[in-house]
Amino acid sequence: MHSDPKGSRAVGPGSGAKASGSGPSVSTGSASKGTSDAAADLARARKQLLDGGTRNRRLDAPSLRQALVDLHEFWLTTKGAEVGIKPDSGFAIVAVGGLARRELLPYSDLDLILLHDDLEPRIVADVADKLWYPLWDAHIKLDHSVRTVPQALQVAAADMTASLGMLEARHIAGDVELSNLLIGGVRRQWRNGIRGRFDELIEQTRGRWSRSGEIAHRAEPDLKSGRGGLRDVQLLDALSIAQLTDGMPGLGPESPGGGLAFAHGRLLDVRTELHRVAGRARDQLRAQDADEIGAALRIGDRFDLARVLSDSARTISYSVDVGLRTAGNSLPRRGLSRLRRVPVRRPLDEGVVEHAGEVVLARDARPNKDPGLIMRVAAASAQTGMPMSASTLNRLSDSAPELREPWPKEALNDLLVLLGSGRKAIAAIEALDRTGLWGRLIPEWGAVRDLPPRDAVHTWTVDRHLVETASYASALTTRVARPDLLVLGALIHDIGKGRGGDHSVVGADLAVQIGNRLGLWPSDVALLTAMVRYHLLLPETATRRDLDDPATVQTVVDALGADTILLELLHALAEADSLATGPGVWGDWKASLIRELVRRCRVVMAGESLPSPDPLHPAHIELAARGGVHVDIAPTDGLHTYVVTVVAPDTPGLLSDAAGVLALHSLRVLSASLGSHEGSAINSFDVAPLFGSPPQAGLLRQEIIRAQAGELDLVAVLDAKERDARAEAVEDEGEESAVPVLYAQAPPRVLWFDDNEPGQVVLELRAEDRLGLLCRLASAIEQQGSDIRWARVSTLGSSVVDSFCIDLAGADSRAVREDLERAILAVVPAPEPPKPPEKPEGT
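In this text, all values refer to a predicted model and were calculated from it rather than measured experimentally.

About the criteria used
- Residues numbered from 1 in each chain as written.
- Predicted model: local features only at pLDDT ≥ 70, side-chain atom pairs only at ≥ 80, totals over all residues.
- Heavy atoms only, no water.
- Helix = DSSP H or I, 4+ residues; strand = E, 2+ residues; numbered from the N terminus.
- Polar contact = N/O pair within 3.5 Å; in protein donor to acceptor, adjacent residues only side chain to side chain.
- Contact = heavy atoms within 4.5 Å.
- Salt bridge = Lys/Arg side-chain N within 4 Å of Asp/Glu carboxyl O.
- Buried < 20%, exposed > 50% of the residue type's maximum accessible area, 1.4 Å probe, protein only.
- Patch = residues over 30% accessible without salt bridge, like charges linked within 9 Å, V, L, I, M, F, W, Y side chains within 5 Å.
- Areas by Shrake-Rupley, 256 points an atom, 1.4 Å probe, with all protein chains shown as cover.
- Lys, Arg positive; Asp, Glu negative; His and termini not counted.
- Charge placed at Lys NZ, Arg CZ, Asp CG, Glu CD.
- Pairing = 2+ DSSP bridges.
- Axes fitted to C-alpha atoms, helices over the stretch in contact; angles between N-to-C directions.
- Core = buried A, V, L, I, M, F, W, Y, C linked by side-chain atoms within 4.5 Å.

1. Considering the side chain of Asp-577
Within the secondary structure, Asp-577 sits in helix α23 (residues 564–581). At 2.8 Å, the side chain of Asp-577 and the side chain of His-465 are in polar contact. What Asp-577 contacts, discounting residues up to four positions off in sequence, is His-465, Thr-469, His-493, His-535 and Leu-536.

2. Observations concerning the pattern of salt bridges
A complete count under the given rule lists 52 salt bridges for this structure. Here Asp-109 ties to Lys-141 by a salt bridge, and the two come within 4.0 Å at their closest N and O atoms. Of this pair, Asp-109 sits in the loop between α3 (97–101) and β3 (110–116) while Lys-141 sits in the loop between α4 (121–137) and β4 (142–147), placing them 32 residues apart in sequence. The salt bridge involving Glu-358 is made with Arg-325; its shortest N-O contact spans 2.7 Å. Of this pair, Glu-358 sits in strand β8 (residues 358–361) while Arg-325 is found in helix α11 (residues 302–330), placing the two residues 33 residues apart along the sequence. A single burial state applies to Glu-358 and to Arg-325, both of which are buried. One network of salt bridges, in which partners are shared, links Asp-311, Arg-314, Glu-430, Asp-433, Arg-434, Arg-449, Asp-450 and Asp-463.

3. Here we look at a negative patch on the surface
A surface patch of negative charge is lined by Asp-159, Asp-199, Glu-200 and Glu-203. Following the sequence through the fold, Asp-159 ends up in the loop between α5 (149–158) and α6 (160–166).

4. Some thoughts on the sheet that holds strand β6 (residues 346–349)
Strands sit in the order β6-β7-β8 across an open sheet of 3 strands; the sheet is antiparallel. A single partner strand is all that each edge strand has here, and the edge strands are β6 and β8. Sheet twist, expressed as the mean angle between neighbouring strand axes with direction ignored, is 40°. On the sheet, helix α12 (residues 373–384) packs against β6, β7 (352–355) and β8 and is oriented at approximately 160° with respect to β8.

5. Some points on the nonpolar core
Side chains of nonpolar character tend, in soluble globular proteins, to be buried together. By size, the foremost hydrophobic cluster in this structure holds 90 residues, and its most contacted members are Met-388, Leu-415, Leu-418, Trp-438, Trp-445 and Leu-488. Sorting elements by how many residues they give to this core places α23 first, with 8 residues. Those residues in contact with Leu-415, other than ones at most four positions away along the chain, are Met-375, Trp-407, Trp-438, Leu-488 and Leu-518. Core analysis: the next-biggest nonpolar cluster, separate from the first, contains 55 residues, Val-94, Ala-156, Ile-316 and Val-320 among them.

6. Quick look at the sheet that holds strand β13 (residues 749–754)
Within a sheet, adjacent strands bond to each other through the backbone by hydrogen bonds, running parallel or antiparallel. Here 8 strands make up an open sheet; going across it, the order is β9-β10-β12-β11-β15-β16-β14-β13 and the pairing antiparallel. Across the chains shown, the open sheet's two edge strands, defined by having one partner strand only, are β9 (630–635) and β13. Neighbour to neighbour, the strand axes of the sheet diverge by 20° on average, direction disregarded. Sheet topology places strand β14 (residues 760–768) next to strand β16 (residues 799–807); 9 bridges connect them, and they run antiparallel. Bridging across to β16, Val-761 finds its partner in Ile-806.

7. Comments concerning helix α29 (residues 773–783)
Summarising burial for α29: 9 of the 11 residues are buried, a large majority. Listed as buried for α29 are Leu-773, Leu-774, Cys-775, Arg-776, Leu-777, Ala-778, Ser-779, Ala-780 and Ile-781. Downstream of α29 by one or two residues, Gly-785 has phi in the positive range, about 80°.

Shown next, in the form of structure tokens:
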């Protein structure tokens, strides 16, 4: 008997070579002439199907696969009966691989197991030879094994790959009860052992992804083993068999791209045509075959095919992420974690909570009446790094109404928080996009979704490039005065692609409608539009024109209307765009040229605007004249925002105390205007409660008075609250979850300006937000003995741009600035320090 107990591939004798475990070279006497003729008929029928099917009509890909399955099943059933593989014979033919899944491709191996009920070896060998040899003689590639059910179960228990293959096993011929023993036994063994094998499964899957890459963003993708490929669909089936997930978790047919089943079918069709074009088994789609395959499937040219593959692979990838996460949460807990309480629901935002490591809706959330809920869920996911629950996304997709135009300020702010979250925003946006929610928020996205790049230097599809650019831009937000416009411009700078014409011009028109929809001020819409229109101006001018020619610089200045804010935005965008394009696109040479061009443009533009205080409201001036401490809370036009006005005697520490009390009650300061009038401070804060309604004004007043009296150490309380929030992010096994430590995407930056008033300077801080930041900043400034004359505070998403006018009172200006800068940088988030290089083993 010629069989490989480990199921290694058998190579037919006519192939000219033999692999280990293959069938031997066989003389014509090794099988009867009728048997060989029958196998030859099978080979001829296969060839006829590949050449054009019956009546010389070319079968489409699904029909070809089905015809191949029917043909081989018929031959195996007929041949099995001829050699004695019948019901109650103690033999069974079981298919694995493509035949088992009914996905037999033109040049796929025929994967078969000959099961026997521990019969006499001589009889088993005779039946196996009569089954295998005709297939070898006909040059049909065969991956075979001969086993008893206990032997097969033993192999499945020891070999993960074999186990995953046998989970797909399907009875073909012979003793069906014997086949059922194997199929049921393998599945039962898989379910019972999945807890101990899950880590190995994850490791094997990630190793496969690492080797084969990501189909959606590969020029020549591996359709079988790449991330988002056919192996991942089989992985989902395996998780379902283990009862860790529902069958085929993920996207349904109503989602963009047609859902998981449609994506699976598309990949199968492409791989089928790849076999047909190559004339042999092949998993990697070569660039030279793409046009022919696209035409055969009536998709279009190679770019159209690449777009379809990206859509399908990303749909499968999202479904696998959901499946693996659901499976991991379904596994029984180990060790001491079994004794811990049921995971609590930790509030993250209004209507949004964390549960079991996922972002979900609160029990009282009403998605059908809360249009901004989509953005709050996404922002919470990006901020914490925790994925959004698939059920939450499905519920939002089904129930959430459209955001009215223009967007409420809260929704725009949540979008900015999302975009300012760096790499963590990518997964959140991908999940929104795969479930149809992102296209609902930005309808213009459909033209660039999965759009392949026309230039080989680009690594990503156009939509992913835009998200990557926004991610890189989030690390540059402290270099610009308008971090909000930087990340928005990064997100849409190539939105005009895929529509014909100059994408910068087309995109600028689209930027107008996007900016208006988001509710930006007209001046900000104009800035955003100019960013999109001129996003290539600096790199193209710097690398193609003579910078020593004054006309070069003047051309740029004229194009930008001598706007210094637009210039700095385009400078940062050029860097983010290049970094997001691909390796080597941004380097010292390009960076230095653009930097020099920007410097020369600044010289010509000559001047930047000085931060200045907001005017005081007459009603607040009247309130200040009464004296005492007053706190007023008034709702704004927004759904979840309020204005808190604090009027009190202008004593040291008032600003930090008022800001600290607001933070203590989970009121996030979105903006603030802080001034004084005749000995009274007038501080107005635009705030948004983290969840629920704001506290009563009387309670805030009492706690401000307590803090002023020294009875409440607000900084210490805020530090403890921040530590508790991080402690809640520790998982059962003791490892930190995705909730970040206090690290920023962009480095903080302090700018100094000389004020118009003698002895006063203006300090502008550009940094990322943290719990109670305004309280900490004011406290740090006050502890240095400096008097804050006025302040203007803006929170733009996750970034802050805070200006403080400080009275130096005759002190050494340089020394005061240095001390203040150190104190401020000590309380703002900074980027994570680089990790030291690992020491080589043996040192």
